[in-house]
Amino acid sequence: MTSSVFTEYGVAVPDGAATPAPPLAARTRGLRKVYRGTVAVDQVDLDVPEGAVLGMLGPNGSGKTTTIRMLLGLVRPTEGEVELLGQPMPEGAQQALPDVGALVEGPGFHPFLSGRDNLLRMAAAEPRLSSSDVPRAVQAALERVGLAGAAHRRYRGYSLGMKQRLGLAGALLVPRRMIVLDEPTNGLDPAGTREIRKIIAELHAEGVTVLVSSHLLAEVEATCTHVAVLHDGLVVAQGELAELLESGSPALIVSTPDSDRAVDVLRENRIPSRLVPEGVRADLTATTAPEVVATLVRGGVPVHEATRARTGLEDLFARLTQHEPDTSTSDGLPEVDGEAVA
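Residues numbered from 1 in each chain as written. Predicted model: local features only at pLDDT ≥ 70, side-chain atom pairs only at ≥ 80, totals over all residues. Heavy atoms only, no water.

(A) The pattern of salt bridges, seen in detail. Counting across every chain of the model gives 12 salt bridges. A salt bridge links E195 to R165, with the nearest nitrogen and oxygen atoms 2.7 Å apart. One end of the pair, E195, is in helix α6 (residues 190-205); the other, R165, is in helix α5 (residues 160-171), with 30 residues separating them in the sequence. Residue R165 is classed as buried on the basis of its relative accessible area of 14%. (Salt bridge = Lys/Arg side-chain N within 4 Å of Asp/Glu carboxyl O. Helix = DSSP H or I, 4+ residues; strand = E, 2+ residues; numbered from the N terminus. Buried < 20%, exposed > 50% of the residue type's maximum accessible area, 1.4 Å probe, protein only.)

(B) Expanded view of empty space enclosed by the protein. Scanning the model with the defined rule gives 1 cavity of 30 Å³ or more in all. Reported here for the largest cavity is a volume of approximately 80 Å³. Of all the secondary structure elements, the ones that give two or more residues to the lining of the largest cavity are α6 and α7 (217-223). When grouped by side-chain class, the residues that make up the lining of the largest cavity number 6 nonpolar, 3 polar and 2 charged. (1 Å grid on protein atoms, 1.4 Å probe; cavity = no way out; pocket = protein on both sides within 12 Å on 5 of 7 lines; lining within 4 Å. Points joined across faces, edges and corners; volume = space filled by probe spheres on them. Nonpolar A, V, L, I, M, F, W, Y, C, P; charged D, E, K, R; others polar.)

(C) Molecular detail of the environment of L147. Examined against the element boundaries, L147 turns out to sit in the loop between α4 (134-144) and α5. For L147, a relative accessible area of 2% corresponds to the buried category. Linking L147 and M162, residues 15 residues apart in sequence, is a C-alpha distance of 7.5 Å. Those residues in contact with L147 that sit more than four places away from it in its chain are L142, Y158, M162, R165 and L166. (Contact = heavy atoms within 4.5 Å.)

What follows is the structure in structure tokens.
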């Protein structure tokens, strides 16, 4: 009898065979960094799948920026291994970095030069750009980030958001295999944030691996395929975003015109449930989704729709870092946009 197959990462795998691991654009093992007795990163094992958009989250001092610096070879680790695009870092920086565009801890440009002139100087140092291609590459990058109209203005007159855009333009001067963005929406208005989200989506569609460090949980949830959560210098969770959001207590959201009756019926049958804005949330810890639906139907409750409940990213983040002191921002989101150790 012919064995059935399923597809994983685009590869047909026979039943019973081990699922192949996805290729990695970057990885760390046992990564540790100590600054003058302060442990910034401690035994971090991070996997960045090729072609993924990975959002790196963590409270203040969790080690996000330090980890990014070690990935790029900007800081040598105290212990551990770093691999970027198949090259050991920092030894393989010359081979790997031409394929990596990065914006780390804000851009740094010459204040008295225009945006275009700053990019021209940066482009001249690109090993894969010929002199004749530099003007075209600079113009294309400026247009992509929406700065073509302000390219003649001096950098010192740019707003924070415009400076962020120019830094992103520098990362996009040539086609890359990987883009690393540290707080890319810092200082941007809502329109600028939407444009950055669009650029990330375009890069993902082109097969580019994107690593994003951000404190905007809603943006990460909207743009990322994978998430890594750092806490006290450790990776406390990582993987596909959809799977992580379903890793909490299993529950079913039921849409019904008689929510109060649905809660009564479920509780009478020892199925914990409660009213939520979407309808009724039924706990699946000790039962199954089909049994919840069957119980409601037997009780005469009409069921319009039933969907598996997903944990919001904010709830997941709070659960993983719940013993952190209260550092909420005014909008109710955890404040995770800084690094205690740079």
